[in-house]
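Topology and contacts: notes
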Amino acid sequence: MTAANQKPSDNPPSNLDFFSIPQSFLLQIGTASMVLLLITEKATVKALEAMGEASEELFRGDRLPILDFPDDNETKQT
């Protein structure tokens, strides 16, 4: 057991620089980053949709060349 009349230790106080930042500033940084994240997400979704529509245009039938297939009669005769 420790004595009741014991003198407190002379340890230096811990350096808590992080807690010296005002909470309103931390809230502003967090809010700005979340808004930027939402804007980036919407732009990414639009870009991916545009790329998907462009890739569909590549595979449409009216853009593909017409291939000449031999008739069934010609293949049976040979």
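Here, the structure is the one placed above.
Let me begin by describing the structure that accompanies this report. Since this is a predicted model, take the numbers as computed values, not measurements.

Some thoughts on the overall build of the protein chain
When you go through the protein chain residue by residue, the secondary structure sums to 2 helices and 0 strands. Looking at the protein chain as a whole, 0% of its 78 residues are labelled buried. As presented, the protein chain carries roughly 8200 Å² of accessible surface, and 62% of it is formed by carbon and sulfur atoms.

Some words on a nonpolar patch on the surface
Together, Ile21, Phe25, Leu26 and Ile29 make up a nonpolar patch on the protein surface, roughly 320 Å² of accessible area in all. With respect to the helices and strands, phenylalanine 25 occurs in helix 1 (residues 23–58). Take phenylalanine 25: its relative accessible area is 43%, and that puts it in the partly exposed class.

How each quantity is defined
Residues numbered from 1 in each chain as written. Predicted model: local features only at pLDDT ≥ 70, side-chain atom pairs only at ≥ 80, totals over all residues. Heavy atoms only, no water. Helix = DSSP H or I, 4+ residues; strand = E, 2+ residues; numbered from the N terminus. Buried < 20%, exposed > 50% of the residue type's maximum accessible area, 1.4 Å probe, protein only. Areas by Shrake-Rupley, 256 points an atom, 1.4 Å probe, with all protein chains shown as cover. Patch = residues over 30% accessible without salt bridge, like charges linked within 9 Å, V, L, I, M, F, W, Y side chains within 5 Å. Salt bridge = Lys/Arg side-chain N within 4 Å of Asp/Glu carboxyl O.

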